[in-house]
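Okay, here's what each chain looks like letter by letter:
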Amino acid sequence: MVQHSQGILKSLNDIIDMSGYGLEVSPYYEPCISKSSHNVVYTDYLGNDAIQAKALENPELNGKIVPLVDFVWEPERRLLQCMHSDQKFEYIVASHVMEHVANPLGWLRELLSALNIGGRIALFLPDRRFTSDYLRNESSFGQLIQWWIEQPSSPTIGQVLDFMSHGLSLTHDTIVKWNDPEHTASLPLHYSFADMINTGTALYNDRPYIDVHCTVWTSDSFARVFKKVEDSGIIGVSLVDVISDEGEFLAILEKIAEPAFTPVALKTSPINPENSQRQVLESIDHKINILRHDLSHLIQKTHEATGTIDRTEDLIRALNPSKGPNKKSLFR
């Protein structure tokens, strides 16, 4: 958890009107907005039992009390479906959350769905120039649109491998001279090539959730990219301000309209039987295409080994002798 400076917290209070009803996402043990002085509710992706168990294992807490969340934002469920009230928020705060999200625009779209027009979102984000992401490329507008279309619900293979291939090995005791290129060039990487291969293979086969920084920002790069997000109207926000601080920055977005576009994945409701059937057929078609690709490769290898001219028919007969050359096959 990041300890925010008093200066950046003052900026938060100056830019966000917190007299109304607010939401803080994943406050853990250090909420930015106190319930004792604000009408605010807390949400997290974990329930209170899991959060408390996680806190017990964290030596940094030193006996701090972890506040309870008011509702759980369950994975792959709409935020509005998880809230206990129909009342929308005037502001939303998320501290060092968005960089862990695989689909930032989709995630922001969910937050905006629970925000009144004119309401604001405050995002605290790490500046890659002062973190283990130092060597990574900053996230682009094109990548945000790609993930908005693809709708990944957890970090993708590409996001995880980019994190692993460039992530520096730092500890709380590491003293880094971030403005000294010679010094930063000497810092070791945290993960080996074998780590990358093993993790990437596990992701491909089993799809485990691996928590990484999916996006990478500086205050300047965030401002550039989100000016394009604003101009596109894709989620209906304007960029109000970006305030830099040591190691992090605060970005303020304002909801000015409903989203101008809806990703295809959200247009298809699994509740609709026709849509559900279409998804099943698309899945079957995708698997058949994979089989075709694999079989084509096997045919090529068989041809190279035997010199057979009619490769397809020979392989089909070898796999199933009862099928003659004029019989129809699934693979043709």
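Residues numbered from 1 in each chain as written. Predicted model: local features only at pLDDT ≥ 70, side-chain atom pairs only at ≥ 80, totals over all residues. Heavy atoms only, no water.

Description of empty space enclosed by the protein
Link 1 in the chain: Under the counting rule described, the total for this entry stands at one cavity of 30 Å³ or more.
Link 2 in the chain: Taken as a whole, the largest cavity holds about 40 Å³ of empty space.
Link 3 in the chain: Glu 99, Pro 126, Asp 127, Arg 128, Thr 131, Asp 133, Thr 215, Val 216 and Trp 217 together form the lining of the largest cavity.
Link 4 in the chain: Along the lines of polarity and charge, the residues of the lining of the largest cavity split into three nonpolar, two polar and four charged. (1 Å grid on protein atoms, 1.4 Å probe; cavity = no way out; pocket = protein on both sides within 12 Å on 5 of 7 lines; lining within 4 Å. Points joined across faces, edges and corners; volume = space filled by probe spheres on them. Nonpolar A, V, L, I, M, F, W, Y, C, P; charged D, E, K, R; others polar.)

As for the side chain of Asp 44
Link 1 in the chain: Relative to the helices and strands, Asp 44 resides in strand β2 (residues 40-44).
Link 2 in the chain: Nearest to the buried, unbridged Asp 44 among oppositely charged side chains is Lys 54, at 6.4 Å.
Link 3 in the chain: At 3.3 Å, the side chain of Asp 44 and the backbone nitrogen of Leu 46 are in polar contact. (Helix = DSSP H or I, 4+ residues; strand = E, 2+ residues; numbered from the N terminus. Buried < 20%, exposed > 50% of the residue type's maximum accessible area, 1.4 Å probe, protein only. Lys, Arg positive; Asp, Glu negative; His and termini not counted. Salt bridge = Lys/Arg side-chain N within 4 Å of Asp/Glu carboxyl O. Polar contact = N/O pair within 3.5 Å; in protein donor to acceptor, adjacent residues only side chain to side chain.)

Considerations on the packing of aromatic side chains
The description of an aromatic ring pair rests on the distance of the ring centres and on the angle between the ring planes.
Link 1 in the chain: One pass over the full model with this rule turns up nine aromatic pairs.
Link 2 in the chain: Aromatic side chains Phe 163 and Tyr 191 sit 6.1 Å apart centroid to centroid with 55° between the ring planes, which places their arrangement in the tilted category. Highlighted residues: Phe 163 in helix α6 (residues 157-166) and Tyr 191 in the loop between α7 (181-185) and α8 (193-206), separated in sequence by 28 residues.
Link 3 in the chain: Judged by its relative accessible area of 30%, Tyr 191 falls in the partly exposed class. (Phe/Tyr/Trp six-rings, centres within 6.5 Å; stacked < 30°, edge-to-face > 60°.)

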